[in-house]
Amino acid sequence: MNKQKRLEILTRLRDNNPHPTTELNFSSPFELLIAVLLSAQATDVGVNKATAKLYPVANTPQAILDLGLDGLKSYIKTIGLFNTKAVNTIKTCQMLVDLHGGEVPENREALEALPGVGRKTANVVLNTAFGWPTIAVDTHIDRVSNRTKFAMGKNVVEVEQKLLKVVPAEFKVDVHHWLILHGRYTCVARKPKCGACIIEDLCEFKDKTE
């Protein structure tokens, strides 16, 4: 995969979706943080259904603390691993109140120090809430990057570092969303929809489907 091919892939993805964003519903950095925390091993649709009921009642750290652990669980019990996520959410809200004045810090180390928040979640928040050129690599992006040969790596950290190296600055803020949507709807895990793919002729995947 050479520089010119990568540039053409990114240009097509941008032309097809000039203003991509997450499919998680949110209206503040805090709502995004909690939605991403809840989304691990769950679908965005499932998370959105839960937060649609939760956020009108509690969409600040203090409001969620006021709900209490059992109160929070009653809103998110439809989401996988909800018990662990509820505990982490309460702990995170407490830290935000105690250490950050109830605000989500625009700082990687501070974000990664929050319970249940790893590098990927911190990258999503920094990128989507604050406009940082970070690239959060999940299973979709890992698959698309390796399958197309766009940015190959043995694990998500290697893929992230490769993407940061090969993606030009003008595309960095949005590339996370383009790749995740491409992996979610076109370059799917079991049988990629190569015949309906706008970058099929540029992709270096050998076992293309019709």
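Scroll up to find the structure.
Residues numbered from 1 in each chain as written. Predicted model: local features only at pLDDT ≥ 70, side-chain atom pairs only at ≥ 80, totals over all residues. Heavy atoms only, no water.

A. Examining the side chain of serine 39 more closely. Here serine 39 lies in the loop between α2 (29-38) and α3 (44-54). Residue class for serine 39 comes out buried when judged on its relative accessible area of 16%. The residues contacting serine 39, other than those within four sequence positions of it, are Leu24, Asp44, Val47 and Lys85. (Helix = DSSP H or I, 4+ residues; strand = E, 2+ residues; numbered from the N terminus. Buried < 20%, exposed > 50% of the residue type's maximum accessible area, 1.4 Å probe, protein only. Contact = heavy atoms within 4.5 Å.)

B. Representation of the packing of aromatic side chains within the structure. In this structure the tally under the stated criterion is 1 aromatic pair. Against the face of phenylalanine 150 rests arginine 6, its NZ or CZ located 5.7 Å from the ring centre. Between the NZ or CZ atom of arginine 147 and the centre of the ring of phenylalanine 205, over which it lies, the distance is 5.2 Å. (Phe/Tyr/Trp six-rings, centres within 6.5 Å; stacked < 30°, edge-to-face > 60°. Lys NZ or Arg CZ within 6 Å of the ring centre and 35° of its normal.)

C. The environment of cysteine 197, seen in detail. Along the chain, cysteine 197 turns up in the segment after α10 (169-185). Along the chain, cysteine 197 and arginine 119 lie 78 residues apart, while their C-alpha atoms are 30 Å from each other. In this structure, cysteine 197 is in contact with His182 and Thr186, ignoring residues within four places of it in sequence.

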